[in-house]
Amino acid sequence: MLLAAFFGVLVWASSHLAPVGDPDAPLHREISPAGTPVAGAHYIHESYRDAHTENMVTVVLADYRAFDTLGETVVVFAAGVGVFLVLARRKA
Amino acid sequence: MITHSNISPILRFACRSAARIIQVFGVYVIVHGHYSPGGGFQGGALLAAAVFLLRIGEGREHSQRDMPSRVTLLLGSIGVLVYGAVGLLTIATGGRFLDYDAVPLPGLSLDDRHYWAILVIELAVGLAVMAILVGIFDRLLQRFHHD
Amino acid sequence: MTESFSQYGAYWMCFLVLTVGLYGMLMKRDYVKKVIALSIFQAAIILFFVIAAYKEGAGVPIFDKEIGAETAAAYINPLPHTLMLTAIVVGVATVGMALALLIRIRRGFGTLDEDKLKEKMKS
């Protein structure tokens, strides 16, 4: 019952989203409704010129958002250390 | 317990050859991530998958030769440290943290410096992801081998 | 109805997967099943972002010399793809961590059933 309500709220909320594939969605515009430049279009325009690399996802991942990726690598490393510690055998 | 004597040679051969192909493809995915879909995370996951295949197919003991369990955390920390070291290097040469304009590669234009720095970052991430996934896998299965 | 399905159907399917994941996390008694449901929930969120990144008539976000970088409408938005790439790897790490904790619980209490665990923790 609760789950049906949850699904219903989500479907209702989706009617306020932009339709799938709409090129004019706020996410895809060059200038957002608030008048500031949108990151996605900026990356598309600048990535090849800045990093000489065709794959834009790679440029965003390892260049514009390198700090994010560093933190994420640390999260994976922390999970590895965590599993190691949780499952360490006690020296009896 | 799986030992050399009771494992089928066909299974062994199939696992080994498939794992080698997956490893080559994983390295390809990492270093070709500049031109096609791919990169450190995906390639690292593929390399880890090859090691999983060896661990499952040949048993834990015989696949230690390819990727010893005890070095996984060490390799993972090397990957993270290389990443951090690139960031600190750009500070040392006068840029901001992970600002690739300051990477000290003489004779390269700014965009080519970004290119090579991204390659180093991807290799570090691939190494870290591969080593840590294998490490998690080994720790999760270790109980079955000691009992 | 058909028109709104063609516009929002992808979102609805994604929300259906989300609801299935939530159902599993709330209703299932077994902790391993809860972890599986967590992973389904996460897949739905990743799907949502990838759907949001889609543009009608656009290609993969890989620079093509013939198209050039000026027409942003020719490429799918690369930003959600990047964020989801990191989210997938973090998801693998969290699932690994969760399974390690489950192994530890199983070692300590001998069960992974929620009700039995509650009884054992009371006594």
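Numbers given to residues run from 1 along each chain, matching the order in which its sequence is written. Note on labels: chains are lettered from A, ligands numbered from 1, in written order. Owing to the predicted nature of the model, reporting of local features is limited to residues with pLDDT of at least 70; listing and counting of side-chain atom pairs is limited to 80 or more, with chain, interface and lining totals taken over all residues. The basis for every side-chain value is the complete set of heavy atoms in the structure, and neither hydrogens nor water enter the calculation.

A word on the overall build of chain B. Secondary structure assignment for chain B yields 4 helices and 0 strands. Numbering goes from the N terminus for both helices and strands, where a helix is a DSSP run of H or I of at least four residues and a strand is a run of E of at least two. For chain B, the α and β elements follow one another from N to C terminus as α-α-α-α. In terms of overall dimensions, chain B is more spread out than a globule: its C-alpha atoms have a radius of gyration of 19 Å, far above the 15 Å expected for 147 residues. Here the term buried applies to any residue with accessible area under 20% of the maximum for its type, exposed to any over 50%, and partly exposed to those in between, with areas from a 1.4 Å probe on protein chains only. Burial status across chain B gives 48% buried among its 147 residues. Contacts are assigned to residue pairs that have any heavy atoms within 4.5 Å of one another. In chain B, once contacts between residues fewer than 6 apart in sequence are set aside, the share between residues at least 24 apart is 61%. Restricting the calculation to C-alpha atoms gives the radius of gyration, and the globule rule supplies 2.2 Å times the number of residues raised to the power 0.38.

A pair can form between side chains of opposite charge whenever their charged atoms are brought close. Between Lys or Arg on one side and Asp or Glu on the other, a salt bridge is scored when a side-chain nitrogen of the former is within 4 Å of a carboxyl oxygen of the latter. Counting across every chain of the model gives 7 salt bridges over all chains. Across the pair Glu 58 of chain B and Arg 16 of chain B runs a salt bridge whose closest N-O atoms are separated by 2.7 Å. Residue Glu 58 of chain B is located in helix 2 (residues 40–58), and its partner Arg 16 of chain B is located in helix 1 (residues 9–31); the two are separated by 42 residues in the primary sequence. Summarising the burial analysis for this pair, Glu 58 of chain B and Arg 16 of chain B share the class buried. Arg 29 of chain C serves as the salt-bridge partner of Glu 114 of chain C, at 3.1 Å between the closest nitrogen and oxygen.

Residue and element names in this part refer to chain C. You can see Val 35 is positioned in helix 2 (residues 31–52). Sequence separation of Val 35 and Leu 102 is 67 residues, and the distance between their C-alpha atoms is 9.5 Å. The contacts of Val 35, once residues within four sequence positions are left out, are Val 95, Ala 98, Leu 99 and Leu 102.

It is worth spelling out helix 2 of chain C at this point. All names here are of chain C. Multiply 1.5 Å by the residue count of a helix minus one, and that product is the helix's expected span. Taking 1.5 Å per residue, 22 residues should reach 32 Å; helix 2 reaches 32 Å between its end C-alpha atoms and fits that length. Taken as a whole, helix 2 has its buried residues at Lys 34, Val 35, Ala 37, Phe 41, Ala 44, Ile 46, Ile 51 and Ala 52. In this structure, the buried residues of helix 2 make contact with helix 1 (2–27), helix 3 (78–109) and helix 4 (114–122).

Turning our eyes to something else, we now look at the interface of chain C and chain B. Contact residues are listed per partner, giving 10 residues for chain C and 10 residues for chain B. Once two parts are brought into contact, the accessible area they lose, counted with a 1.4 Å probe and summed over both, makes up the buried area. Taking both sides of the interface into account, the surface hidden between chain C and chain B amounts to around 790 Å²; carbon and sulfur atoms contribute 81%. On the chain C side of the interface with chain B, the three residues burying the most area are Ile 62, Leu 85 and Arg 107 of chain C, jointly 44% of the side's total. If you look at where chain C meets chain B, you find 0 salt bridges. In the analysis that follows, any N or O atom pair within 3.5 Å is treated as a polar contact, provided that within protein one partner can donate a hydrogen and the other can accept it, and provided that, for residues neighboring in sequence, both atoms belong to side chains. Here chain C and chain B share 0 residue pairs in polar contact (both at pLDDT 80 or more) between them.

When two helices pack together, you describe them by how their axes are tilted relative to each other and by the distance separating the axes. Geometry is summarised by axes, namely lines fitted to C-alpha atoms with helices restricted to the contacting stretch, and by angles between N-to-C directions that run from 0 to 180 degrees. It is at 10 Å that the axes of helix 1 (residues 2–14) of chain A and helix 1 of chain C come closest, and there the two elements cross at 155°. In terms of axis orientation, helix 1 of chain A runs roughly antiparallel to helix 1 of chain C. Seen along the crossing, helix 1 of chain A lies across helix 1 of chain C with a hand that is right-handed. Every residue of helix 1 of chain C that contacts helix 1 of chain A at Leu 3, Phe 6, Phe 7, Leu 10, Val 11 and Ser 14 of chain A is listed here: Tyr 8, Tyr 11, Trp 12, Phe 15, Leu 16, Leu 18, Thr 19, Leu 22, Tyr 23 and Leu 26 of chain C. Each angle receives one of four descriptions, namely roughly parallel if under 35 degrees, roughly antiparallel if over 145, roughly perpendicular if within 65 to 115, and oblique otherwise. In a left-handed crossing the near helix is turned counterclockwise from the far helix by less than a right angle, and in a right-handed crossing that turn is clockwise.

Of the residues lining the interface, 42 residues belong to chain A; the matching set on chain C comes to 47 residues. Of all residues in chain A, the largest losses of buried area upon contact with chain C belong to Leu 3, Val 20 and Ile 44 of chain A, amounting jointly to 15% of the total for that side. Applying the counting criterion to the chain A and chain C interface returns 0 salt bridges. At the boundary of chain A and chain C, one finds 5 residue pairs in polar contact (both at pLDDT 80 or more). Within the residue set of the side of chain A that touches chain C, elements represented by two or more residues are helix 1, helix 2 (39–51), helix 3 (56–64) and helix 4 (66–86) of chain A. In terms of residues, the side of chain A that touches chain C owes the most to one element, helix 4 of chain A, which gives 9 residues. Asp, Glu, Lys and Arg are counted as charged, while Ala, Val, Leu, Ile, Met, Phe, Trp, Tyr, Cys and Pro are counted as nonpolar; the rest, among them Gly, fall into the polar class. Grouping the amino acids of the side of chain A that touches chain C by side-chain chemistry returns 27 nonpolar, 8 polar and 7 charged.

This is a description of form; function is not addressed.
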